[in-house]
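# Inside the fold
Okay, here's what each chain looks like letter by letter:
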Amino acid sequence: MNVTLGLAPLVSLLAGILILVVPRLLNYIVAVYLIVIGLIGLFGILAVLVLEFGSFKSTLIVLTVVPIGLVGGLLALLFTGNSISFTASIGLIALIGIEIKNSILLVDFTNQLRAHGVALDEAIERAGETRFVPILLTSATAIGGLLPLALQNVGLYSPMAWVIIGGLVTSTFLARLVTPVMYKLFTPDVEVKPAPFT
């Protein structure tokens, strides 16, 4: 009696199970890994912002611009006919970093003005007026630099460029409205510093 003939169905069954299960298992492992890395990155950003500002309120104000930019980036993908790809995801991450930097400029300058004794409404207004032009110029420069890449319509890099452009357009103008309103709603405590001797 030939033993190999009896094992052939079992080996083929095991091979079929491995072919079906292993790729799915690897996909789940990679997905869990990416989620864990994303959460670690998110908590790292939150920790740095809390350490910089010393309060959760300022951090919350800074992070309110992120959804605005994400919506703009996703709408830009939709309007240009691109899908969410790996490079588009990289563009979303870069966009979040740029948005947070712009919002930090506004919130930190408002906190500095209030620390020097400027009233809340006046500090919000002055910070918006003073920081808007630098934020607008850096956003326009980034958009200008990314436009040739976006207009090439290359499937690898164009989605990334469109995400950043769309997010910068929406966040630059809407953050001008949202950040001061959020600052007014969640006014952080700022210690007033005495004026230096003159």
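Above this note sits the structure.
Model, not experiment: these values are computed from the prediction.

Moving on, we come to the overall build of the chain. Helices and strands together make up the secondary structure of the chain, namely six helices and zero strands. In the chain, the order of α-helices and β-strands from amino to carboxyl end is α-α-α-α-α-α. Relative to its 198 residues, the chain shows a buried fraction of 33%. The long-range share in the chain, meaning contacts at least 24 apart out of those at least 6 apart in sequence, stands at 75%. Surface exposure of the chain reaches about 12500 Å², of which carbon and sulfur atoms provide 76%.

Applying the stated criterion to the full structure yields two cavities of 30 Å³ or more. Together, 13 residues line the largest cavity, and Leu106, Ile135, Thr172, Ala175 and Arg176 are the ones closest to its centre. At the level of elements, helix H4 (86-115), helix H5 (120-151) and helix H6 (158-185) are the ones that each hand at least two residues to the lining of the largest cavity. With five residues, H6 is the largest single contributor of residues to the lining of the largest cavity. Residue composition of the lining of the largest cavity, grouped by class: six nonpolar, five polar and two charged. Looking at the second largest cavity, the residues that line it are Leu106, Val107, Thr110, Ile124, Gly128, Thr179, Pro180 and Tyr183. Taken together, the elements giving at least two residues each to the lining of the second largest cavity come down to H4, H5 and H6. Considered class by class, the residues forming the lining of the second largest cavity number five nonpolar, three polar and no charged.

Conventions adopted
- Residues numbered from 1 in each chain as written.
- Predicted model: local features only at pLDDT ≥ 70, side-chain atom pairs only at ≥ 80, totals over all residues.
- Heavy atoms only, no water.
- Helix = DSSP H or I, 4+ residues; strand = E, 2+ residues; numbered from the N terminus.
- Buried < 20%, exposed > 50% of the residue type's maximum accessible area, 1.4 Å probe, protein only.
- Contact = heavy atoms within 4.5 Å.
- Areas by Shrake-Rupley, 256 points an atom, 1.4 Å probe, with all protein chains shown as cover.
- 1 Å grid on protein atoms, 1.4 Å probe; cavity = no way out; pocket = protein on both sides within 12 Å on 5 of 7 lines; lining within 4 Å.
- Points joined across faces, edges and corners; volume = space filled by probe spheres on them.
- Nonpolar A, V, L, I, M, F, W, Y, C, P; charged D, E, K, R; others polar.

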